[in-house]
Amino acid sequence: MISAGEASGDLHAGALTRELHKLSADVEVFGMGGECMRDAGGQVVFDIKEHGVMGLVEIIQKLPALFALKKAMGKLMDERKPDCVVTIDYSEFNTYVVANMAHERNIPVVSFIPPSVAVWRKNRAKYLSQKSSWVATIFPHENDIYVEAGAKAQYVGHPLLDVVKPKLTDEQARIKAGKNDGIPLILLMPGSRAQEIKYLLPTILQAAVIIKNKLPEVNFCMPCAPTVSKVELLEQIAQYDLSVRVTELDIYDIMKVSDIAITKSGTGTLEAALCGLPCVIVYKTSWLNEFIFRNVLRLSVPNIGLPNIVMGRRIMPELLQEQVTPENIAQESLKLLQEPEFSKAKQELSIMREKMGDGGAISKVAEGILQLVAKDENKTVLQHNNG
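Read on for an overview of the structure. (Residues numbered from 1 in each chain as written. Predicted model: local features only at pLDDT ≥ 70, side-chain atom pairs only at ≥ 80, totals over all residues. Heavy atoms only, no water.)

1. A word on the sheet that holds strand S7 (residues 153-155)
Logical step 1: Strand order across the open sheet formed by seven strands is S3-S2-S1-S4-S5-S6-S7, with parallel pairing between neighbours. Strands at the two margins of the open sheet, each flanked by one partner only, are strand S3 (43-47) and S7. Across the sheet, the axes of successive neighbouring strands diverge by a mean angle of 20°, strand direction being ignored.
Logical step 2: One ladder, built from three bridges, connects strand S6 (residues 134-137) with S7; its direction is parallel. Residue Ala136 lies in a different strand from S7, and its bridge partner there is Gln154.
Logical step 3: Those strands touched by helix H7 (residues 140-148) are S6 and S7, and its axis lies near 170° from that of S7. (Pairing = 2+ DSSP bridges. Helix = DSSP H or I, 4+ residues; strand = E, 2+ residues; numbered from the N terminus. Axes fitted to C-alpha atoms, helices over the stretch in contact; angles between N-to-C directions. Contact = heavy atoms within 4.5 Å.)

2. What to know about the environment of Gly34
Logical step 1: Summarising the element assignment, Gly34 is placed in the loop between strand S2 (30-33) and helix H2 (35-39).
Logical step 2: Judged by relative accessible area, Gly34 falls into the buried class, the value being 2%.
Logical step 3: It is 8.4 Å that separates the C-alpha atoms of Gly34 and Gly14, two residues lying 20 residues apart in sequence. (Buried < 20%, exposed > 50% of the residue type's maximum accessible area, 1.4 Å probe, protein only.)

3. Describing the environment of Cys84
Logical step 1: Residue placement: Cys84 occurs in the loop between helix H4 (63-80) and strand S4 (85-88).
Logical step 2: The spacing of Cys84 and Ile2 is 82 residues in sequence and 8.5 Å in space, taken between C-alpha atoms.
Logical step 3: With residues up to four places along the chain from it excluded, the contact list for Cys84 reads Met1, Ile107, Pro108, Val110, Ile369, Leu372 and Val373.

4. A short note on the pairing of strand S9 (residues 219-223)
Logical step 1: Most of S9 is tucked away: four of the five residues are buried.
Logical step 2: Here three bridges tie strand S8 (residues 185-189) to S9, and the two strands are oriented parallel to one another. The partner of Ile186 across the bridge, within S9, is Phe220.
Logical step 3: When S9 meets strand S10 (residues 244-247), the two strands line up parallel, connected through four bridges. Residue pairing in the sheet places Phe220 in a bridge with Val244 of S10.
Logical step 4: After leaving S9, the chain enters helix H11 (residues 230-237) and then returns to the sheet as S10, a path that is right-handed. (Right-handed = clockwise from strand over helix to strand, strands pointing away.)

5. Digging into the environment of Trp134
Logical step 1: Its location among the elements puts Trp134 in strand S6.
Logical step 2: For Trp134, a relative accessible area of 7% corresponds to the buried category.
Logical step 3: For the pair Trp134 and Gln154, spaced 20 residues apart in sequence, the C-alpha to C-alpha distance is 7.8 Å.

6. Focus on the packing of aromatic side chains
Logical step 1: Tallied over the full model, the rule gives two aromatic pairs.
Logical step 2: Ring geometry for Tyr90 and Phe93: centres 6.0 Å apart, planes at 50°, overall tilted.
Logical step 3: A relative accessible area of 6% means that Tyr90 is categorised as buried.
Logical step 4: Given a relative accessible area of 7%, Phe93 falls into the buried group.
Logical step 5: Measuring from centroid to centroid gives 4.8 Å for Tyr96 and Tyr127, while their planes differ by 45°, and the two rings are tilted. One end of the pair, Tyr96, is in helix H5 (residues 91-104); the other, Tyr127, is in helix H6 (residues 123-131), with 31 residues separating them in the sequence.
Logical step 6: The class of Tyr96 is partly exposed, set by a relative accessible area of 35%.
Logical step 7: The ring of Phe30 carries Arg80 above its face, with NZ or CZ at 4.0 Å from the centroid. (Phe/Tyr/Trp six-rings, centres within 6.5 Å; stacked < 30°, edge-to-face > 60°. Lys NZ or Arg CZ within 6 Å of the ring centre and 35° of its normal.)

7. Section: the pattern of salt bridges
Think of it this way: side chains of opposite charge can pair up when their charged atoms draw near.
Logical step 1: One pass over the full model with this rule turns up 12 salt bridges.
Logical step 2: Across the salt bridge formed by Lys230 and Glu248, the nearest N and O atoms sit 3.8 Å from each other. Remark: Glu248 occurs in the loop between S10 and helix H12 (251-257) and Lys230 occurs in helix H11; sequence separation between them is 18 residues.
Logical step 3: Overall, the relative accessible area of 30% leaves Lys230 in the partly exposed class.
Logical step 4: Relative accessible area serves as the criterion here: at 41%, Glu248 is assigned to the partly exposed category.
Logical step 5: Look at the salt bridges and you will find they share partners, linking Glu35, Arg38 and Asp47 into a network. (Salt bridge = Lys/Arg side-chain N within 4 Å of Asp/Glu carboxyl O.)

Below is the structure:
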């Protein structure tokens, strides 16, 4: 049983489902996911389009729906009796609800892409360690923290190294993205969840208008995530004196031929980085979320962009909360388009790509899951025979 709660998690759920089927023809995959998991042969019982949330305030607002989801997922565990529950990202719900419910039912839990202890407090690593049979980490420094917290943890590498692979020819990608020779193309990536669109898209579009006024020849492209309505994006864009090409699918090909991106913090920043695409990273949530993060949870980190976290220093510009204004985004974007900043950013991304090493994360996790299930089944047989 897989639990992936957002577009990035569904991407990895799909890859993992496909690899599990490749390794074992008898494996059955079901749970919470989206189109990627479904296309790979998994049964999507709970669709992520209905359940994706971000921020503590939004979680509170959706508590009735989340309680209903919890009850339904618990019932599914009781009825289907999975041999293993795999949680993928979606830290709040997967850590405190799904992993806990599985643990209570003595179902082995594999935490793939566990909560980032570079952002969240280390006590979360201890809690998850108590609920999980195996924690498959994607960053070396986080693996050490999980081991210290008592987890059976293994650094498997980042799954995006297996996934971020452009498929179109350069010419096909340029046509789809609307890339013309000698004309800058800026990718606008406001996110894959309703709250992200709400908090970021208007500001990003206003920034694009400023950029267009200062650099009239620039073009814009906006990939539409599977969890976002293309119609809603077009309706919002239509409110501005701006031409934006909205595309679906082939995101890595579009990243490959773009010059820079304006993107919300998250998985998309690392996807762009692996495609060699410099980014202006933005993050904005409600004022109440910000207050809770800074004053209640006392979270304070030097960087939130994944490329910057991987490198341990800021290689891409970040704008947070009150810094996220149309003027600031436009200023950072125009600066990033100019030399020597553009070449410097490209060079830093090349170094980051080398630092992340080789791929293989998905196959390692799939093999680990099957080994864990086989070991648990043998243990059950022995207990039954001894009894």
